[in-house]
Amino acid sequence: MSKLFVDLAIPIAVNQLFTYSVPSHLNSQIKLGVRSLAPFGKKTVSGIIVRIKQTTNVLCTKDIIEILDAEPLISEELFNVLLWISEYYYTPLGETLKIALPQQTISESKRYFSLRIKDLTEIEKLTSLTTKQKEIIDILERHKELNVTQLRKRLGTKTIYHIINELVNKGILNISEKLSTKQKKLRTESIILIDENQRHKWINWLDENLKIQNQKNNKQIAVLKYLIGLVDTPLITLKDLLRKTKSSISTVKSLEKKKLITEKLKEVKPTLDYELHDTETQKIVLNESQRNCVNQICSDIDEESFKPFLLHGVTGSGKTQVYIECIKHTLKKNKSVIMLVPEISLTPQIVARFRLHFGEQVAVLHSKMSVGDRYTAWQLVKRGDCSIVIG
């Protein structure tokens, strides 16, 4: 097989791509849009593969270290949009990609410090030490390995580089580069499935076991009776089941071992308490002006022509309902929608109203959300589970 080379977009303030060679054992894993680990100066960085080629004019290329993803994080369509953004705004492609991806997806390694000589007495025989140097050595004896931020926090001072450099020059500290390649995990919760087959199984088991009176059996009976009483619902969360029946996890696990219940993990969507806000329940009928707006906007959506529209109207005049009607039309054409609000404080009422119309198709992304919640929302949009993003 011929030698492969890749161009990586690395998130630094330099407007260029960086060419690396691909070790033969990684050839089958190379895809556009996946992350790769690569050496970069004294550091290890992650970047996005944006070009695959069989020749290069670059002399003495370094090998990439590892491929981090089985499937591309960025589609060809999204990549073309980001490439346009990079060129239009004169922004390095690596930094543009970094903004488009969840936090910490592409990053550089951090420098960690550890003791080369473990015995403080042995160190003091070799060289004299200041009080701060002794403190750092004592901290690293207890914590084994720390980065600069962690050392600053434990030492209680911001200026520590000169102290660290002196210890490195004296041969007391080791320096290593480490890169976190872990992605945030999707939030999940345990659920118990409920269906007619399960109900028949529970009823039969109860007929056989109601006469057996002991504490363990009684708790299991109480759980199954509660589950049988749940109608028109395909599942209940384990947390709710334990709370409603005042049971313990061991009771549920016992029923699971008997194959009486089925427990599974379900992805949890970020809610951020948007359900707590009031939403309108009555059907809104558009007036003539609103209908004209909707018709004009939807006409241009049908023609797939880009046009900006400015809606004039005071607060409460029905602009949001115009957006909603246009979004309904857009979704019917198998397209997706981004809804931007001017400030985060307005997000809850907008989300509540949109979920009333569009249900689980709505995802939320903004800076006040936790990194984990943003990653979950991003994955939902990437997979196509949500067609509307509010931010």
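Cut-offs used in this document
Residues numbered from 1 in each chain as written. Predicted model: local features only at pLDDT ≥ 70, side-chain atom pairs only at ≥ 80, totals over all residues. Heavy atoms only, no water. Helix = DSSP H or I, 4+ residues; strand = E, 2+ residues; numbered from the N terminus. Buried < 20%, exposed > 50% of the residue type's maximum accessible area, 1.4 Å probe, protein only. Contact = heavy atoms within 4.5 Å. Pairing = 2+ DSSP bridges. Axes fitted to C-alpha atoms, helices over the stretch in contact; angles between N-to-C directions. Expected span 1.5 Å × (residues − 1). Arc of directions from axis to C-beta. Phe/Tyr/Trp six-rings, centres within 6.5 Å; stacked < 30°, edge-to-face > 60°. Salt bridge = Lys/Arg side-chain N within 4 Å of Asp/Glu carboxyl O. Patch = residues over 30% accessible without salt bridge, like charges linked within 9 Å, V, L, I, M, F, W, Y side chains within 5 Å. Areas by Shrake-Rupley, 256 points an atom, 1.4 Å probe, with all protein chains shown as cover. pLDDT = per-residue confidence, 0-100. Disulfide = S-S within 2.5 Å.

A.B. asks: Hey, could you run me through the overall build of the protein in this one?
C.D. replies: Along the backbone of the protein there are 14 helices and 14 strands. Taken over 391 residues, the protein has a buried fraction of 39%. In the protein, the proportion of contacts linking residues at least 24 apart, taken out of those at least 6 apart, comes to 70%.

A.B. asks: Even after reading the chapter, I still don't get the sheet that holds strand β14 (residues 388-390), so can you show me in this structure?
C.D. replies: Sheet strands pair by backbone hydrogen bonding; their relative direction is either parallel or antiparallel. One open sheet holds the three strands; their spatial order is β12-β14-β13, and the pairing between them is parallel. The outermost strands of the open sheet, each flanked by one partner alone, are β12 (337-339) and β13 (362-364). Strand-to-strand twist in this sheet, taken as the mean axis angle between neighbours without regard to direction, amounts to 25°. In terms of strand pairing, β13 meets β14 through three bridges, oriented parallel. Residue pairing in the sheet places V362 in a bridge with I388 of β14.

A.B. asks: Even after reading the chapter, I still don't get the sheet that holds strand β3 (residues 35-40), so can you show me in this structure?
C.D. replies: An order of β2-β1-β4-β3-β5 is seen for the five strands of this open sheet, with the pairing classed as antiparallel. Edge positions in the sheet fall to β2 (18-22) and β5 (66-67), since each of these pairs with one other strand and no more.

A.B. asks: What is the right way to look at helix α4 (residues 131-143) in this model?
C.D. replies: An ideal rise of 1.5 Å per residue puts 18 Å on 13 residues; α4 measures up with 18 Å between its terminal C-alpha atoms. Those residues of α4 not exposed but buried are Q133, I136, I137, I139 and L140. Angular distribution of buried residues about the axis of α4 spans 160°; they occupy a single face of the element. Of the exposed residues in α4, those oriented more than 90 degrees away from the buried face are T131 and R142. Phi turns positive one or two residues past the end of α4, at K144, with a value near 70°.

A.B. asks: Would you take a moment to explain unusual backbone geometry for this structure?
C.D. replies: The backbone of Y90 shows a phi angle near 50°, a positive value even though the residue is not glycine. Inspection of the secondary structure puts Y90 in the loop between α1 (76-88) and α2 (93-100). For Y90, a relative accessible area of 73% translates into the label exposed. A positive phi angle is found at K246, which is not glycine, with a value near 55°. Summarising the element assignment, K246 is placed in the loop between α9 (238-245) and α10 (249-257).

A.B. asks: Would you explain the packing of aromatic side chains in this entry?
C.D. replies: Two measures describe an aromatic ring pair: the distance that separates the ring centres and the angle between the ring planes. Under the criterion given, the structure shown has five aromatic pairs. Seen from their ring centres, W84 and Y89 are 6.5 Å apart, and the 85° between their planes marks the pair as edge-to-face. Between the aromatic rings of Y88 and Y89, the centroid separation amounts to 4.9 Å while the plane-to-plane angle is 75°, which identifies the pairing as edge-to-face. For the pair shown, Y88 and Y89 are each scored as exposed. Members of the aromatic cluster, joined through ring pairs, are W84, Y88 and Y89.

A.B. asks: How should the pattern of salt bridges be read in this particular structure?
C.D. replies: Any two side chains of opposite charge can pair, given that their charged atoms come close. Here the structure, examined in full by the defined rule, presents twelve salt bridges. A salt bridge links E71 to K31; its shortest N-O distance comes to 3.3 Å. Pair noted here: E71 is in the loop between β5 and α1 and K31 is in the loop between β2 and β3, with a separation of 40 residues, a long-range link. Under the relative-accessibility criterion, E71 is labelled exposed at 52%.

A.B. asks: What exactly am I supposed to notice about a nonpolar patch on the surface here?
C.D. replies: A cluster of nonpolar side chains, namely W84, Y88 and Y89, defines an oily patch on the protein surface of about 400 Å² accessible area. Relative to the helices and strands, Y89 is located in the loop between α1 and α2.

A.B. asks: Just checking my understanding: could you explain the confidence of the model for the protein for this structure?
C.D. replies: Low-confidence regions, as indicated by low pLDDT, have predicted coordinates that should not be scrutinised in detail. For the protein, per-residue confidence averages 81 on the pLDDT scale, and 88% of positions sit at 70 or higher. Within the protein, no element has a lower average pLDDT than helix α3 (residues 120-126), which sits at 65, and none a higher one than β12, at 92.

A.B. asks: In this structure, what is going on with the side chain of T330? I would like to understand it.
C.D. replies: As for its position among the elements, T330 is in helix α12 (residues 319-332). In contact with T330, other than residues within four places in its own chain, are I301, K335, S336 and V337.

A.B. asks: What is the right way to look at helix α6 (residues 161-169) in this model?
C.D. replies: Residue pairs three or four apart in sequence face the same way in an α-helix, which turns once every 3.6 residues. By the burial criterion, the buried members of α6 are I163, I164 and L167. Taken down its axis, α6 places every buried residue within 95° of arc, on the same side.

A.B. asks: Please explain the environment of L83 as it appears in this structure.
C.D. replies: Examined against the element boundaries, L83 turns out to sit in helix α1. Along the chain, L83 and L93 lie ten residues apart, while their C-alpha atoms are 6.6 Å from each other.

A.B. asks: I tried to follow the pairing of strand β4 (residues 43-53) on my own but got confused; where do I start?
C.D. replies: The two faces of a sheet get side chains in turn, since along a regular strand they alternate between them. Relative to β4, strand β1 (residues 4-9) is paired through five bridges, and the arrangement is antiparallel. Bridging across to β4, A9 finds its partner in I48. Note: β3 against β4, six bridges, orientation antiparallel. Counted as the bridge partner of F40 is K43 from β4. Counting the residues that bridge the hairpin from β3 to β4 gives two residues, and of these G41 lies at a positive phi of roughly 65°.

A.B. asks: Which parts of the structure should I look at to understand the state of the cysteines?
C.D. replies: Covalently bonding the sulfur atom of one cysteine to the sulfur atom of another cysteine gives a disulfide. The final tally for this structure, using the stated rule, is zero disulfides. The structure places no disulfide on C326, whose sulfur is separated from the nearest cysteine sulfur, that of C298, by 4.3 Å. A residue is classified by how much of its surface remains accessible, and C326, at 8% relative accessible area, is buried.

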